[in-house]
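Understanding the architecture of this molecule
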Amino acid sequence: MRLFFEICLKSFQRHLVYRAATLAGLVTNLFFGMLRASVLVALYGSRTMVNGLSVQDAVAYAGLTQAIIGFISLFSWYDLSNSIYTGSVAMDLVKPLGYYQFWLAQDLGRALVQLFLRGLPLMLIYGLVYNISLPSTLIQWLALTATLILAWMISFSWRFLLNLTSFWVVNATGILRLGFVISWFLSGFIMPLRYFPDWFVSLCNLTPFPHIINSVSEIFLGVVQGPDIVHVLILQLIWAIGLIILGHLVLRAGIRRLVIQGG
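Let me begin by describing the structure that accompanies this report.

1. Examining the packing of helix H8 (residues 138–164) against helix H9 (residues 173–187)
Running from N to C, H8 and H9 point in directions that differ by 155 degrees, and their axes come no closer than 9 Å. Of the possible angle classes, the one that applies to H8 and H9 is roughly antiparallel. For the element pair H8 and H9, the recorded crossing hand is right-handed. Contacts between H8 and H9 pair Trp158, Arg159, Leu162 and Asn163 from the former with Ile175, Leu176, Gly179, Phe180 and Ser183 from the latter.

2. Some details on the packing of helix H7 (residues 99–129) against H8
Pairs of packed helices are described in terms of their axes, by the angle between the two and the distance that separates them. Packing of H7 against H8 leaves a shortest axis separation of 11 Å and a crossing angle of 125 degrees. The orientation of H7 relative to H8 falls into the category oblique. When the axes of H7 and H8 are compared, the crossing they make is right-handed. The residues of H8 that touch H7, namely those facing Tyr99, Tyr100, Trp103, Leu104, Asp107, Leu108, Arg110 and Ala111, are Trp152, Met153, Phe156, Ser157, Arg159 and Phe160.

3. Focus on the layout of surface pockets
Reported here for the largest pocket is a volume of approximately 450 Å³. Along the walls of the largest pocket sit 21 residues, with Leu115, Leu120, Trp141, Leu144 and Leu148 positioned nearest its centre. Among the elements of the structure, helix H3 (55–67), H7 and H8 are those that each provide at least two residues to the lining of the largest pocket. Split by residue class, the lining of the largest pocket holds 18 nonpolar, 3 polar and no charged.

4. Quick look at H7
Taking 1.5 Å as the rise per residue, H7 with 31 residues should run 45 Å; its terminal C-alpha atoms sit 43 Å apart, in good agreement. The largest bend along H7 measures about 40 degrees and falls at Leu115.

Conventions used here
Residues numbered from 1 in each chain as written. Predicted model: local features only at pLDDT ≥ 70, side-chain atom pairs only at ≥ 80, totals over all residues. Heavy atoms only, no water. Axes fitted to C-alpha atoms, helices over the stretch in contact; angles between N-to-C directions. Helix = DSSP H or I, 4+ residues; strand = E, 2+ residues; numbered from the N terminus. Parallel < 35°, antiparallel > 145°, perpendicular 65-115°, else oblique. Left-handed = near helix turned anticlockwise from the far one by under 90°. Contact = heavy atoms within 4.5 Å. 1 Å grid on protein atoms, 1.4 Å probe; cavity = no way out; pocket = protein on both sides within 12 Å on 5 of 7 lines; lining within 4 Å. Points joined across faces, edges and corners; volume = space filled by probe spheres on them. Nonpolar A, V, L, I, M, F, W, Y, C, P; charged D, E, K, R; others polar. Expected span 1.5 Å × (residues − 1). Bend = angle between axes of the 7 residues up to and from the residue.

Laid out in structure tokens, this is it:
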């Protein structure tokens, strides 16, 4: 565990250096968050509530989803794939830490930087500009913390799986991009899933993606309460464990196909 946290700390320090990129990301997320909030407010018109979400909830949803983009790396992550193509995967595999744990530690450091330098400042600005809905109880804040951790675990495991396709194809960029686009639509990032027809929501719930965005936003907004919070967290945990197991199985198959310098 000490080695895991040391790698996480080094990753945190490394990503902390890119302050200009982080600031640019914050400004970009803030702009598009406000743009999305304006669109949602316009869609509400004279209505104050749509499927359990108020106008304030919709605005908070827009801010929250923009705030955690960097934390869960929703748009891109090609680091593992690039390591396979450059051959540095050979060094990663012989490190005194499991391959999955090695990349998990690195991603945790990156995610924490994105959360503290992009996510929290963006929500603070949103709170100053808009009258947004916020968690009102200690249980809700604790549940939010738990769901964020599990959402990151699911997101990482999904990205890990996507990147592993590089063991089989010459250029996996197209596959990775397709995987990210699918996650945007099925996670509730584009629009809250409550706005969609029941059949589409049922389809989404057959995948892990709603537990990356939708579960987090609904717990944050207080739409999910009481025993339902426990139910959501259990489902997230099940998906996280399932994807971790699948990732290890695919990794084992990929390593058997790995060829570096003819050997």
